[in-house]
Amino acid sequence: MDDSKVVGGKVKKPGKRGRKPAKIDLKAKLERSRQSARECRARKKLRYQYLEELVSSRERAICALREELEMYKQWCMAMDQGKIPSEIKALLTGEEQSKSQQNSNRHMKAGKTDANSNSW
């Protein structure tokens, strides 16, 4: 017996569903495929360039941090021997100077606010 159905006045046969493949020119299809492949390779190339740059910058950062760590280790060894490295002395005196400048700025600002409040 025939399995075909009548739907909306049309006879439908079971089997493949959906749109029938359009008859596309084979050359055009190949050209689109080639173009898509070129674009894919270009994207891949850009992605790899970005990743290589990222790796390179991270490696430079790692080297800089290793050098800084080695410097701190040397400072610690010097301090264990009772010596204070000149760099630490410079940092400490720089902090003391900045603190004294901040305190003097605070006193000046406080003086200005007191003068403004007395002008009433």
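Naming follows an unreviewed UniProt entry, where the chain appears as cAMP-responsive element-binding protein-like 2 of Catagonus wagneri. Checking UniProt for the chain, the heading Subcellular location (unreviewed entry) contains the comment "Nucleus". Of the comments in the UniProt record for the chain, the one headed Sequence similarities (unreviewed entry) reads "Belongs to the bZIP family. ATF subfamily."

### Looking at the overall build of the chain
Regarding its fold elements, the chain presents two helices and two strands. When the helices and strands of the chain are listed from N to C terminus, the series reads β-β-α-α. Going through the 120 residues of the chain one by one, you find that 3% of them count as buried.

### Notes on helix α1 (residues 26-80)
Taking 1.5 Å of rise per residue, 55 residues should cover 81 Å, and α1 covers 80 Å from first to last C-alpha, within 8% of that figure. G82 sits one or two positions beyond α1 and adopts a positive phi of about 90 degrees.

### Examining the environment of Y72
One can find Y72 in helix α1. On the accessibility criterion, Y72 (38% relative accessible area) is partly exposed. Polar contacts involving the side chain of Y72 include one to the side chain of E68, which spans 2.9 Å.

### Here's the deal with the confidence of the model for the chain
Looking at the chain, the pLDDT average stands at 82 and 69% of residues meet or exceed 70. The weakest mean pLDDT in the chain belongs to strand β1 (residues 5-7) at 61; the strongest belongs to α1 at 96.

Each value, and the rule that gives it
- Residues numbered from 1 in each chain as written.
- Predicted model: local features only at pLDDT ≥ 70, side-chain atom pairs only at ≥ 80, totals over all residues.
- Heavy atoms only, no water.
- UniProt positions renumbered as here; feature names shortened; annotations may be inferred.
- Helix = DSSP H or I, 4+ residues; strand = E, 2+ residues; numbered from the N terminus.
- Buried < 20%, exposed > 50% of the residue type's maximum accessible area, 1.4 Å probe, protein only.
- Expected span 1.5 Å × (residues − 1).
- Polar contact = N/O pair within 3.5 Å; in protein donor to acceptor, adjacent residues only side chain to side chain.
- pLDDT = per-residue confidence, 0-100.

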